[in-house]
Amino acid sequence: MSPSHNPKLADLLLQYAGLSENGIAVLDAENRFVYYNPAFAQMFDFADQSMISKTHGDLMEWMYMQQRGSNIEWANLQDWLEYAGSRQRSAPFRSFEVDLKGGRWILMTEQVCPDGELVMFCSDITRQKETENALKKAHGDIERLALTDDLTGVPNRRNFMQRLAQEISRSQRSAEPFCLAMLDLDFFKKVNDRFGHAAGDEVLKHFANFVQQHLRAEDVLGRLGGEEFGVLLPNSSLPVAQLVLNRVLERLQAERLPEVAADFSYTFSGGLVQHGAAPGKSGSDLLALADQALYAAKADGRNRIAPYTPQPAAPVA
Ligand SMILES: Nc1nc2c(ncn2[C@@H]2O[C@H](COP(=O)(O)OP(=O)(O)OP(=O)(O)O)[C@@H](O)[C@H]2O)c(=O)[nH]1
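Values in this document were obtained by computation on a predicted structure and should not be read as measured data.

What to know about the layout of surface pockets
(1) Moving on: Of the voids in this model, the largest pocket is the one considered here, and its volume is about 520 Å³.
(2) Moving on: Around the largest pocket, the lining comprises 25 residues; the ones closest to its centre are Trp 80, Ala 84, Phe 96, Glu 97 and Val 98.
(3) Moving on: Among the elements of the structure, helix H3 (56–66), helix H4 (77–87), strand E3 (93–99) and strand E4 (105–112) are those that each provide at least two residues to the lining of the largest pocket.
(4) Moving on: If one sorts the elements of the lining of the largest pocket by residue count, E3 sits on top with five residues.
(5) Moving on: Reported here for the second largest pocket is a volume of approximately 160 Å³.
(6) Moving on: Forming the walls of the second largest pocket are 13 residues, and the residues nearest its centre are Phe 187, Lys 190, Val 191, Phe 264 and Ser 265.
(7) Moving on: Looking at the lining of the second largest pocket, the element that brings in the most residues is helix H7 (residues 188–195), giving five residues.
(8) Moving on: Grouping the constituent residues of the lining of the second largest pocket by class yields eight nonpolar, two polar and three charged.

What about the nonpolar core?
(1) Moving on: Counting 33 residues, the largest nonpolar core has Leu 183, Val 203, Phe 207 and Phe 268 as its most contacted members.
(2) Moving on: Counting residues per element, the ones that place at least two in this core are strand E6 (179–185), H7, helix H8 (197–213), strand E8 (228–233), helix H9 (238–252) and strand E9 (268–274).
(3) Moving on: If you look at the next biggest cluster of nonpolar residues, it comprises 27 residues, including Phe 44, Met 60, Ile 106 and Met 120.

Some words on unusual backbone geometry
Leaving glycine aside, a negative phi is the common case for residues, and trans is the common case for peptide bonds.
(1) Moving on: Residue Ser 53 is not a glycine yet carries a positive backbone phi of 80 degrees.
(2) Moving on: Looking at where Ser 53 falls in the secondary structure, it is placed in the loop between helix H2 (38–43) and H3.
(3) Moving on: What makes Ser 53 partly exposed here is its relative accessible area of 48%.
(4) Moving on: Residues other than glycine seldom take positive phi values, yet Asp 263 does so here, at roughly 65 degrees.
(5) Moving on: Among the structural elements, Asp 263 can be located in the loop between H9 and E9.

Scoring rules and cut-offs
Residues numbered from 1 in each chain as written. Predicted model: local features only at pLDDT ≥ 70, side-chain atom pairs only at ≥ 80, totals over all residues. Heavy atoms only, no water. 1 Å grid on protein atoms, 1.4 Å probe; cavity = no way out; pocket = protein on both sides within 12 Å on 5 of 7 lines; lining within 4 Å. Points joined across faces, edges and corners; volume = space filled by probe spheres on them. Helix = DSSP H or I, 4+ residues; strand = E, 2+ residues; numbered from the N terminus. Nonpolar A, V, L, I, M, F, W, Y, C, P; charged D, E, K, R; others polar. Core = buried A, V, L, I, M, F, W, Y, C linked by side-chain atoms within 4.5 Å. Buried < 20%, exposed > 50% of the residue type's maximum accessible area, 1.4 Å probe, protein only.

Taken by themselves, the reported measurements are silent on function.
Below you can see the structure in the form of structure tokens.
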């Protein structure tokens, strides 16, 4: 039975609206406020004045000018009014979230009635929103942790291998060359043995930071494990990548780490391969070739970058 047939029920609904912590407002077919309850006026921060007979657009304009009520991030008031106006009454029932000045959030629903009136109903969802945001942040943190090496803060092996796979597909599509390097600190066991594991950790952190500083923004450094790092150099041919890594090698020679020991310095070796240098297609195939070149750099005296050179085919017996 509708309240118009039951005055008691109509009274009760009005009493409820007056007491409710949910905001309720009714607009006529011309979008003028015919009713709003105290909670609605409080939510939009206009309890100190009357909006009865004013349009919803008037309220929005007032909020925008006074910097009260809703957070409105539009630079241009007319654009915002046009946008909001086009959304309102675009469906018989709509619900959307509104963030208010002061950090509160409300869920607003709008119901268009048969004679064109619009009933707005707002409930405070600040607590749910805070929980949702905390969960989103925790999810982001977990994702970051799962992809980042704890000690050095650079991408971990899993992350690096994903980026390598992406770069392989990108390079296949664009036909642009890219290089992969595997870097390994020289005689790192001796650093640990002589100065302790904590000092070894400092060297690893320094190395990751130093290399990253000398790479281009598009290059990717990752820790593959232990004292082994990978570098992806997109858009680079072998000579370009060699130049970049030789520069790192040379500049590192001038670095000193007094936190490890007076005048302490260290070196590294690298193996470098250009994608497509051998038939293998996967990231692991390419990494194996870089590893092969790294082995050659170590065997050749360390503190150098060795490019991958294809092995001559074994003579047929
Ligand atoms: N401090 C520290 N040491 C690590 C970490 N991961 C691996 N290592 C050490 O790195 C050392 C690697 O030693 P080796 O593989 O013998 O290599 P190396 O002494 O660098 O010799 P070359 O590579 O042949 O120049 C080992 O002593 C590992 O314990 C780490 O996270 N922190």
